[in-house]
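Chain by chain, the residues run as shown.
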Amino acid sequence: MIARTKKLLSYLLKLAILGLAFWFIYHRIIKNSDNLKNFRELVSHINYNRVLITMVLVVLLMIINWVLESLKWWHLTRVLSPMSVWRAIESVFCGLTWAVFTPNRIGEYGGRVMFLPNRKRIHGVFAMAVGAFGQNVITNVLGAGASVWFLYTYVPLDNWIMIAITVIALIFMGFMLTFYFNIKWMVSLLNRIKFLKKFHRFFDIMGKYKTAELLSIMWFCLARFFVFTFQYYLIIHLLIPEILFLQMTLIMFVFFFIQSAIPSLDVLDIGVRAYTAPILFGYITHQTIAVIVAVSLIYIINLIIPAILGSVFVFKLKFFDRTA
C-alpha cells in the first residue's frame, strides 16, 4: 500500500513539474510572438540559405553548449557517484526543465541531483555549485576586463577615475581566480560558522577538487562561454552585419557580466535581457529592434528548446529512491 502511494505521489510530482514547465514555456513563447514575427520581417530581405545555415549553426551550438555542460557535470560527479556521460546529459536537460519556472534557475539543481543516488543528492548540490562558480568566474573575469574597455572607449571619464576603475577591475579579476583555485578557503570559512558546522560533510565536497580538476572544469566553462558568445555573434551579424566582430564580442562580455549580477525569475529573464542589451548595443548601432530580436531568439533556442527536450527525462526521476 505504501509503495503504491509513493508511486502515485511520484507520478503526480512529475506531472506537476511538467505542467508548470509547459505553462511557463507557453507563456514565454506567446510573449515573444512579436519578436519572432519581427525576426521573420528582418530576414525577409536576406538570402534564405544564409538564414537557414545561420539558424542551423546556432541550434548546433546550443547542443554543443549543453553537451559541454553535461561533460562538466559528469566530471564533477566523479568524486560522488560516477555516472555515464549519457546519464549526465539526461540530468542536465531535465534540470533545464525545472529551471525554466524557478527563480535564478535554482530548480536546475534539483533536476540534476535527482539523477544521483538518494544519499548523494545533497552532496551533488555542492558539487554543482563548484561548476556554477567556475562559470561565474569566467563571466566575471572576462566581463570586468571588457567593462574597462567599454568605459574607456565609450564613456568620457577623468584619467584618474579610469585608472582607479582599471585597478579595481584587476584586483577583482585576481580575487575571483585566486578564490576559485583555492575553494578550500571557503570550505574552511563555512566550517567555522557554528550553526553550519553540522553540515561540514556537505561543504567538504567542494574541498575535494584539486587544482588540476578545477582547471579542467574551468576549461569546460571557458568553452561554453565562447560557444554562446559565438551564437550571439552569428544572429546579430545576420541582422546587423556592419557591426565589427571585436566590438560585438566585447560588448557581449559586458552584457553577460551585467546579466550574471541581476537576479531574476528565468521566465522573466528575457525581459531583463531585452532591456539591457539595447542600452549597451546603442553605443554601436541604432537598430534596437534587431538587438532585442537577437537576444530573444537566443533565449528561446538556448533555454526554451532544451527545457522542452528535458521534459522527456522528467519521467526518469526517482523521488523516493533509497539506494546509497
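We now turn to the structure provided with this report. (Residues numbered from 1 in each chain as written. Predicted model: local features only at pLDDT ≥ 70, side-chain atom pairs only at ≥ 80, totals over all residues. Heavy atoms only, no water.)

Another point: the side chain of T285. Looking at where T285 falls in the secondary structure, it is placed in the loop between α12 (269–281) and α13 (288–314). Judged by its relative accessible area of 10%, T285 is buried. Within the structure, T285 has its side chain in polar contact with the backbone nitrogen of Q287 (distance 3.2 Å). Residues contacting T285, with those up to four places away along its chain left out, are I240, I243 and V291. (Helix = DSSP H or I, 4+ residues; strand = E, 2+ residues; numbered from the N terminus. Buried < 20%, exposed > 50% of the residue type's maximum accessible area, 1.4 Å probe, protein only. Polar contact = N/O pair within 3.5 Å; in protein donor to acceptor, adjacent residues only side chain to side chain. Contact = heavy atoms within 4.5 Å.)

What follows concerns the environment of M128. Residue position: M128 is located in helix α6 (residues 121–154). Here M128 falls in the buried class, since its relative accessible area comes to 7%. Separated by 78 residues in the primary sequence, M128 and M206 have C-alpha atoms spaced 9.2 Å apart. In this structure M128 touches W73, L76, E108, Y109 and R112, once residues within four positions along its chain are discounted.

Another point: helix α3 (residues 48–77). Its 30 residues place the ends of α3 44 Å apart at the C-alpha level, agreeing with the 44 Å of an ideal helix rising 1.5 Å per residue. Where α3 begins, the side chain of N47 points an oxygen toward the backbone nitrogen of N49, at a separation of 3.0 Å. (Expected span 1.5 Å × (residues − 1).)

Turning our eyes to something else, we now look at the side chain of H123. Following the sequence through the fold, H123 ends up in helix α6. Residue H123 is classed as buried on the basis of its relative accessible area, which comes to 13%.

Counted according to the given criterion, the structure contains four salt bridges. A salt bridge links R224 to E69, with the nearest nitrogen and oxygen atoms 2.9 Å apart. Pair noted here: R224 is in helix α10 (residues 211–239) and E69 is in helix α3, with a separation of 155 residues, a long-range link. Look at R224 and you get buried, because its relative accessible area is 8%. Ionic pairing is found between E108 and R112, a salt bridge with its closest N-O pair at 2.9 Å. Of this pair, E108 and R112 both sit in helix α5 (residues 107–113), four residues apart, roughly one helical turn. Residue E108 is classed as buried on the basis of its relative accessible area of 7%. By sharing partners, the salt bridges in this structure join E69, K72, E108, R112 and R224 into a single network. (Salt bridge = Lys/Arg side-chain N within 4 Å of Asp/Glu carboxyl O.)

Quick look at the packing of α3 against α6 now. Contact geometry of α3 with α6 gives a least axis separation of 10 Å together with a crossing angle of 130°. Judged by the inter-axis angle, α3 sits oblique to α6. As for the relative orientation of α3 and α6, their crossing is right-handed in sense. On α6, the residues touching E69, K72, W73 and L76 of α3 are G124, A127, M128, V130, G131 and Q135. (Axes fitted to C-alpha atoms, helices over the stretch in contact; angles between N-to-C directions. Parallel < 35°, antiparallel > 145°, perpendicular 65-115°, else oblique. Left-handed = near helix turned anticlockwise from the far one by under 90°.)

A word on the environment of F150. The topology assignment puts F150 in helix α6. Sequence-wise, F150 and V254 are 104 residues apart; in three dimensions their C-alpha atoms are separated by 7.9 Å. The contact partners of F150, leaving out residues within four places of it in the chain, are V155, I251, V254, L280 and Y283.

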